[in-house]
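Observations on the model geometry
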Amino acid sequence: MNAITPYPYDASARSGEKPDMWVQEAIFGHRFIEEQKPYMLVLEVLSVCGSVLRRDEDLFSHGSVDESESEAIATSIAKRGPLRYLLFEDTALEQLKTQESLTDDEKLEELISELNRGYRARTKQDNAFNYLGHKFQGRFSGLVQAVEIIRSMEIDTVSSRRWTSRFLAPRGHSALFSDVGLSMSADRRFFGRGGELMYLMLSRSKNAPKAAKLIKEQFFSNVDPIGQLLSELDSGVQELTADAPLGYLPLVSHEAYDRLANDWIAILGLPTLPPAQKFEPLFRLSAFNLVRYFMERASEVSEARDEEGQPVVEPIVLDVSGGKLSDLRQRSIGQLRRVRETIDEAVEDYIKNKLLEEPKWVRAIAHEDLDVKFNLAVDAIEQTFKTKILSKEKLSRRSPEACLSFFVKKATSRSRNNISTLIEPLGKNSGFITARPGSGTWFDASDEFLEALVVGNTGIEAITIDAFLARLYEKYRIVIGPNEASHAFVKRAFDPSSFEENIRTLERRLIGLGYVRRLSDDCAFVSNPYAS
């Protein structure tokens, strides 16, 4: 058996950590939230990595995991309050750098005083910035330059998040990988544990050791000049949040874990792509891999099977025309809708199948007394799925089947942490889903996502565009051209001309991006300039 069965929360757990039911969490993991953008998923992976490395432990080496228990991993977050304040909240630096009447020493002294005053007002901590006097003595202009360089590395600069929830592109041990609250405690407002589950996926993958080596080399290098500059601005004081266990990932092994790890290895191993430029294709493909994982888990849990008895995993019809091919766009809209429906169906099937194993439910169905039937049904549902929703609703007496219908509706229409509604924001923020008023929402590739597909799925040797498309279909079930459509839609009619035009559009776009070249025999080849 592949499933890890224990419920990870005991009676002493804080209420904010416990979900209101254990259904989607049992299928997909606990937990993924809409507020966690794709780049935050990768930052959270790196936050866990940083915590592990601070303990002088090896990444992804946490002992065996089996059906009885998950890995015993507890992690902490480096608060780095002074660094966050200096970069994202302070205004004194900008004012002082224009004060020509002051010397550099006077400016530095005044800045430290203002920083200490402002930081103390927010955290009650005294003299937090005195270290700058030792590190930048007589070099106020050097401090200004360092701060400006590091501020230019901020991710998602258009957001209006609080100063403790702003982040830098990952470079070195002092990077800001994690979200903290204004009290400098661990906060789950934006980091909902999705990155923790991705860490567990990488850890349980077949290529975990190779991924670990590359992650350490690319993101935790001691010779990265930006990382060294960031360390200069950091106080060096190791203030950490309390240790906390990671989230729950339900399976010991899965093909999706290996696919995710292989994509990380492919991108991080590109020899001529600078580390700073690897972050973007990494988070885009990571988010896409999560969506594939959700789709595959839903198909495994659902009762839908093909003629050979295998789970039916929906293909992803990827429009690269920007919605200009209406027939293909409509098919992609339908496929995205079908993906959501498959997830809801999986949730319903999971609930029904679990209840069939519960003696109380069996007794509820068989009992003749209406009150007893109702009470047994409520107890069976609430005990099986760790919930109190039916009791809180104070339901009037109804049949077990009506109780089941009520609970299924609650489980599939959750306003938070609902996988079927999470797919759209993940895709939009990663560049593989778009939405337009009057046109709908569908799988549509941005230039950045196309680049991620190329750098993550091509090597030193150039390959024909047909071979590239076949590789994407075999690996991700992405359908772009007619050959892949014929495999995906064996029993469904489709217009091959729209898929042929989709390929031509893809070729034109990849030529513009510098990833396709044509040879004298008029054959198009996809090449990865960063692979050699």
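Scroll up a little and you will see the structure.
Basis of the calculations
Residues numbered from 1 in each chain as written. Predicted model: local features only at pLDDT ≥ 70, side-chain atom pairs only at ≥ 80, totals over all residues. Heavy atoms only, no water. 1 Å grid on protein atoms, 1.4 Å probe; cavity = no way out; pocket = protein on both sides within 12 Å on 5 of 7 lines; lining within 4 Å. Points joined across faces, edges and corners; volume = space filled by probe spheres on them. Nonpolar A, V, L, I, M, F, W, Y, C, P; charged D, E, K, R; others polar. Core = buried A, V, L, I, M, F, W, Y, C linked by side-chain atoms within 4.5 Å. Buried < 20%, exposed > 50% of the residue type's maximum accessible area, 1.4 Å probe, protein only. Helix = DSSP H or I, 4+ residues; strand = E, 2+ residues; numbered from the N terminus. Contact = heavy atoms within 4.5 Å. Pairing = 2+ DSSP bridges. Patch = residues over 30% accessible without salt bridge, like charges linked within 9 Å, V, L, I, M, F, W, Y side chains within 5 Å. Areas by Shrake-Rupley, 256 points an atom, 1.4 Å probe, with all protein chains shown as cover. Salt bridge = Lys/Arg side-chain N within 4 Å of Asp/Glu carboxyl O. Lys, Arg positive; Asp, Glu negative; His and termini not counted. Charge placed at Lys NZ, Arg CZ, Asp CG, Glu CD. Phe/Tyr/Trp six-rings, centres within 6.5 Å; stacked < 30°, edge-to-face > 60°. Lys NZ or Arg CZ within 6 Å of the ring centre and 35° of its normal. Axes fitted to C-alpha atoms, helices over the stretch in contact; angles between N-to-C directions. Parallel < 35°, antiparallel > 145°, perpendicular 65-115°, else oblique. Left-handed = near helix turned anticlockwise from the far one by under 90°. Expected span 1.5 Å × (residues − 1). Arc of directions from axis to C-beta.

**Some remarks on the layout of surface pockets**
Size it by volume and the second largest pocket reaches roughly 450 Å³. The wall of the second largest pocket is formed by 15 residues, among which Asp306, Val312, Arg477, Ala488 and Val490 lie closest to the centre. Of the residues that constitute the lining of the second largest pocket, the class distribution is seven nonpolar, one polar and seven charged.

**Observations regarding the nonpolar core**
Core analysis: the largest hydrophobic core is formed by 164 residues, its most contacted members being Tyr199, Ile215 and Phe294. Among the elements that make up this core, the one with the highest residue count is helix α12 (residues 275-301) (13 residues). Those residues in contact with Tyr199 that lie beyond four places of it in its chain are Val45, Val48, Cys49, Val52, Leu59, Phe60, His62, Ile73 and Leu246. Core analysis: the second largest hydrophobic core is formed by nine residues, Leu328, Val479, Phe489 and Phe499 among them.

**A look at the sheet that holds strand β10 (residues 516-518)**
Pairing is antiparallel across the open sheet formed by three strands, whose spatial order is β8-β11-β10. Edge positions in the sheet fall to β8 (463-464) and β10, since each of these pairs with one other strand and no more. Relative to strand β11 (residues 524-526), β8 runs antiparallel, the two sharing two bridges. If you follow Ile463 over to β11, its bridge partner there is Val526.

**Considering a negative patch on the surface**
On the surface, Asp105, Glu106, Glu109 and Glu110 cluster together to form a negatively charged patch. With respect to the helices and strands, Asp105 occurs in helix α5 (residues 104-123). Classification of Asp105 by relative accessible area gives partly exposed; the value is 46%.

**Digging into unusual backbone geometry**
Each neighbour pair has its own omega, and for His30 with Arg31 the value is 0°, a cis peptide bond. As for its position among the elements, Arg31 is in the loop between α1 (24-28) and α2 (38-54). Phi is positive for Asp56, close to 60°, though the residue is something other than glycine. Among the residues examined, Asp56 registers a relative accessible area of 73% and is labelled exposed.

**Section: the pairing of strand β7 (residues 440-443)**
With four bridges joining them, strand β6 (residues 433-436) and β7 adopt antiparallel strand pairing. Residue pairing in the sheet places Ile433 in a bridge with Phe443 of β7. Where β6 folds back on β7, the antiparallel hairpin that results is connected by three residues, among which Gly438 adopts a positive phi of roughly 85°.

**A closer look at the packing of aromatic side chains**
The full count for this structure, using the stated rule, is 22 aromatic pairs. Ring plane angle 45° and centroid distance 5.3 Å describe the contact between Phe432 and Phe449, whose orientation is recorded as tilted. Placement of the pair is Phe432 in the loop between α18 (419-430) and β6 and Phe449 in helix α19 (residues 447-457), with a sequence separation of 17 residues. Residue class for Phe432 comes out buried when judged on its relative accessible area of 0%. For Phe449, a relative accessible area of 0% gives the class buried. Taken together, the ring pairs in this structure connect Phe28, Phe32, Tyr257, Tyr293 and Phe294 into an aromatic cluster. Directly above the ring of Phe489 sits Arg331, whose terminal nitrogen or CZ lies 4.6 Å from the centroid.

**A closer look at the packing of helix α15 (residues 370-384) against helix α17 (residues 400-412)**
The interhelical angle for the contact between α15 and α17, taken along N-to-C directions, is 30°, at an axis separation of 9 Å. For the element pair α15 / α17, the angle class is roughly parallel. Our pair here, α15 against α17, has a crossing hand that is right-handed. Along its contact with α15, which presents Lys373, Phe374, Ala377, Val378 and Ile381, the element α17 presents Pro400, Cys403, Leu404 and Phe407. Per-class residue counts for the contact of α15 with α17 are eight nonpolar, no polar and one charged.

**Re α17**
Over its 13 residues, α17 extends 18 Å from the first C-alpha to the last, a length consistent with the 18 Å expected when each residue adds 1.5 Å. Considered for burial, the residues of α17 that qualify are Pro400, Cys403, Leu404, Phe406, Phe407, Val408, Ala411 and Thr412. In this structure, the buried residues of α17 make contact with α1, α13 (326-356), α14 (359-366), α15, α16 (389-393) and α18.

**Concerning helix α20 (residues 465-476)**
An α-helical turn contains 3.6 residues, so a residue and the one three or four places further along point in the same direction. Taking 1.5 Å of rise per residue, the twelve residues of α20 would be expected to cover 16 Å, and the 16 Å separating its terminal C-alpha atoms lies within 8% of that figure. Residues Ile465, Phe468, Leu469, Leu472, Tyr473 and Tyr476 constitute the buried set of α20. Projected onto a plane normal to the axis of α20, the buried residues spread over an arc of 135° and lie on a single side. The first or second residue beyond α20 is Arg477, which carries a positive phi of 65°.

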